[in-house]
Number of protein chains: 2
Amino acid sequence: MSLDIEFHYDFGSPNTYFCHRLIPGIEERTGAKITYCPVLLGGIFKATNNRPPMEQFAEVKNKKEYQALEMKRFIARHQFSDYRFNPHFPVNTIHLMRGAVFASHQDYYTRYIEAMYQGMWEQGKNMADPEVIAETLREHGLPADDIVAAVQDPEIKQELIGSTSRSVERGAFGSPTFFVGDEMFFGKDRLLELEAEIVSQMR
Amino acid sequence: MSLDIEFHYDFGSPNTYFCHRLIPGIEERTGAKITYCPVLLGGIFKATNNRPPMEQFAEVKNKKEYQALEMKRFIARHQFSDYRFNPHFPVNTIHLMRGAVFASHQDYYTRYIEAMYQGMWEQGKNMADPEVIAETLREHGLPADDIVAAVQDPEIKQELIGSTSRSVERGAFGSPTFFVGDEMFFGKDRLLELEAEIVSQMR
């Protein structure tokens, strides 16, 4: 059974981190495999005239407090004990995401993803800094030099631009975004529906 | 067991209609009673500098289409076969909500709520029109003259202003908003969490 399920992610969004932690459970329960597609969230926002939720509702009384409460509840419900809000937020993720594009063609892609998510949302590192990225890669036994070099490769740059544009063309306006075939699901709060759709399409 | 659970609603929001249809199930499963508190959504938006979702994201590419898709999925999942988007939307609900305040002190309050929701979100009536409201009340055997007169009563007007202000003071920025004790839940997509909180607080 081959079902095309894509996770359009950018390491800069904490909600994609939560999804990353919950995806193994979805894969285990459904038997499906979810493909990680790197996109540049800043590029999606620009292309769709969207803004990060924290900016969007900065002017709305009570909303920010409620969004913080919802995140706290979500974290408590799923017991994300390693999660820590990144003190450098918002972090420019262009290097990380170009690195992800390069790594997606290597056999260490899943280790790359895990290393970057840990650095960003568990260890509170400044992951916009190429030095910090390189150091984190080395700590995880990943080929830092290859990856850092690839970040400047015009083909890699172009590939990230392309994947970001395609995400918008398919209907995305933010991240995390999932596609099960052509059915789109946005946000960490749609994982139950996502899983139900996977089960339904696998039948 | 006495637990204070409030549903802050305005007939003008389709999402409050969906909640209204799902509340009986929550009450049945939990044994709890949910109190309907009329508020003026326009007043909440004004006080919090918030806007209806359709306006908020009018400029964001893909978002409106996705919101429509989510609503379609929600309706399909819950099989709301009587629901029909009101062709007069957005409907000014000041008369309806003042009527709700008056009716909340009468023994026919639940029948009033049901009649107004049917007119608004099943029959597609122009519920901003006092004539249409009166006619709908009569169809449901409700005392139209009393209710229409009460809409002009300064005390009733003031009571709606007060309930709307209190809603904002407690943290609301829109509707549907629920309070279980002091725990707030916003939107039709939080009904599972709402139910879990009721169960938890009843223990």
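Here's what I pulled together on the structure shown here. All of these numbers come straight from a predicted model, not from anything done at the bench.

1. Examining the packing of helix H1 (residues 14–30) of chain A against helix H6 (residues 109–121) of chain A
Residues and elements named next belong to chain A.
- Closest axis-to-axis distance for the H1/H6 pair is 11 Å, and the angle between their directions is 130 degrees. Taken together, the axis directions place H1 and H6 in an arrangement best described as oblique. With respect to the hand of their crossing, H1 and H6 are arranged in left-handed fashion. Residues Pro14, Tyr17 and His20 of H1 lie in contact with H6, whose contacting residues are Tyr117, Met120 and Trp121.
- For the contact of H1 with H6, the per-class residue count stands at five nonpolar, one polar and no charged.

2. Section: the packing of helix H2 (residues 41–48) of chain A against helix H9 (residues 154–169) of chain A
All names here are of chain A.
- Contact geometry of H2 with H9 gives a least axis separation of 9 Å together with a crossing angle of 45 degrees. The angle between the axes of H2 and H9 places the two elements in the oblique class. Crossing geometry of H2 relative to H9 is assigned as right-handed. Contacts between H2 and H9 involve Gly43, Ile44, Ala47 and Thr48 on the former and, on the latter, Thr164, Ser167 and Val168.
- Tallied by class, the residues present in the contact of H2 with H9 amount to three nonpolar, four polar and no charged.

3. Digging into the relation of the copies chain B and chain A
- Of the transformation superimposing chain B on chain A, the axial component is 0.0 Å and the angular component is 180 degrees, with the fit at an RMSD of 0.0 Å. Expressed as a symmetry operation, the mapping of one chain copy onto the other fits a two-fold axis.
- Interface overlap between copies is the fraction of interface residues in one copy that are interface residues in the other; for chain B against chain A it reaches 100%, indicating a shared surface.

4. Focus on the sheet that holds strand S1 (residues 5–9) of chain A
All names here are of chain A.
- Read across the sheet, four strands follow the order S2-S1-S3-S4 without closing on themselves; strand pairing throughout is mixed. Only two strands of the sheet have a single partner each, and these edge strands are strand S2 (35–38) and strand S4 (183–186). When the angles between neighbouring strand axes are averaged without regard to direction, this sheet yields 25 degrees.
- Summarising the sheet, strand S3 (residues 177–180) and S4 pair through four bridges and their orientation is antiparallel. Note that in S4 the partner of Phe178 across the bridge is Phe185.

5. A closer look at the sheet that holds strand S3 (residues 177–180) of chain B
All names here are of chain B.
- The four strands lie next to each other as S2-S1-S3-S4, forming an open sheet whose pairing is mixed. Of all strands in the sheet, those with a lone pairing partner are strand S2 (35–38) and strand S4 (183–186), marking the two edges. Neighbour-to-neighbour, the strand axes of the sheet open up by a mean angle of 25 degrees, direction not taken into account.

6. Focus on the interface of chain B and chain A
- Tallying the contact residues gives 19 residues for chain B and 19 residues for chain A.
- When contributions to the side of chain B that touches chain A are tallied by element, the ones reaching two or more residues are helix H4 (63–78) and S4 of chain B.
- Here the side of chain B that touches chain A gets four residues from one element, more than from any other, and that element is H4(B).
- Grouping the constituent residues of the side of chain B that touches chain A by class yields seven nonpolar, five polar and seven charged.

7. Re the pairing of S3(A)
All names here are of chain A.
- Neither face of S3 is left uncovered, since the one carrying Thr177 and Phe179 and the one carrying Phe178 and Val180 both have all their residues buried.
- Summarising the sheet, S1 and S3 pair through four bridges and their orientation is antiparallel. Its bridge partner being in S3, Ile5 is matched across the sheet by Val180.
- In this antiparallel pair of consecutive strands, S3 and S4, the connection spans two residues, and Gly181 shows a positive phi of 60 degrees.

8. Observations concerning helix H6 (residues 109–121) of chain B
- Along its 13 residues, H6(B) runs 18 Å from first to last C-alpha, staying within 8% of the 18 Å computed at 1.5 Å per residue.
- For H6(B), the secondary structure elements touched by its buried residues are helix H1 (14–30), helix H5 (94–103) and helix H7 (130–139) of chain B.

9. Observations concerning H4(B)
- Between its first and last C-alpha atoms H4(B) spans 23 Å; for 16 residues at 1.5 Å apiece the expected length is 22 Å, and the two agree.
- Looking one or two places after H4(B), you find Gln79(B), whose phi comes out positive at around 50 degrees.

10. Considering unusual backbone geometry
- Each neighbour pair has its own omega, and for Phe89(B) with Pro90(B) the value is -5 degrees, a cis peptide bond.
- Along the chain, the position of Pro90(B) falls in the loop between H4 and H5.
- Look at the link from Ser175(B) to Pro176(B): it is a cis peptide, with omega at 5 degrees.
- Note on placement: Pro176(B) falls in the loop between helix H9 (154–169) and S3.
- At Asn49(A), a position not held by glycine, the phi torsion is positive, near 65 degrees.
- With respect to the helices, strands and loops of the structure, Asn49(A) is situated in the loop between H2 and helix H3 (53–56).
- For Asn49(A), a count of 14 C-beta atoms within 10 Å gives the class partly exposed.

Cut-offs applied
Per chain, the residues get numbers from 1 upward, laid out in the order the sequence is written. All chains are assigned letters beginning at A, and all ligands numbers beginning at 1, according to the order in which they are written. Reporting in this predicted model follows two pLDDT cut-offs: at least 70 for local features of residues, and 80 or more for side-chain atom pairs to be given and counted; totals over whole chains, interfaces and linings ignore these cut-offs and use all residues. Comment: axis = line fitted to C-alpha atoms, over the contacting stretch for helices; angle = value between 0 and 180 degrees taken between N-to-C directions. In this text, helices come from DSSP runs of H or I with a minimum length of four residues, and strands from runs of E with a minimum of two, each type numbered from the N-terminal end. Angle categories: roughly parallel below 35 degrees, roughly antiparallel above 145, roughly perpendicular from 65 to 115, and oblique for all the rest. Two helices crossing with the near one rotated counterclockwise from the far one by less than a right angle form a left-handed crossing, whereas a clockwise rotation gives a right-handed crossing. Placing a C-beta atom from the backbone of each residue, one calls two residues in contact when those atoms lie within 7 Å. Under the scheme applied, nonpolar residues are Ala, Val, Leu, Ile, Met, Phe, Trp, Tyr, Cys and Pro; charged residues are Asp, Glu, Lys and Arg; polar residues are all the others, including Gly. Superposing copies: least-squares fit, C-alpha atoms only, residues required to have pLDDT of at least 70 in both. Strands were regarded as paired on the criterion that DSSP finds at least two bridges between them. Here a residue counts as buried when 20 or more other C-beta atoms sit within 10 Å of its C-beta, as exposed when there are 12 or fewer, and as partly exposed otherwise, the C-beta atoms being derived from the backbone. A helix's residues, less one, multiplied by 1.5 Å, set its expected span.

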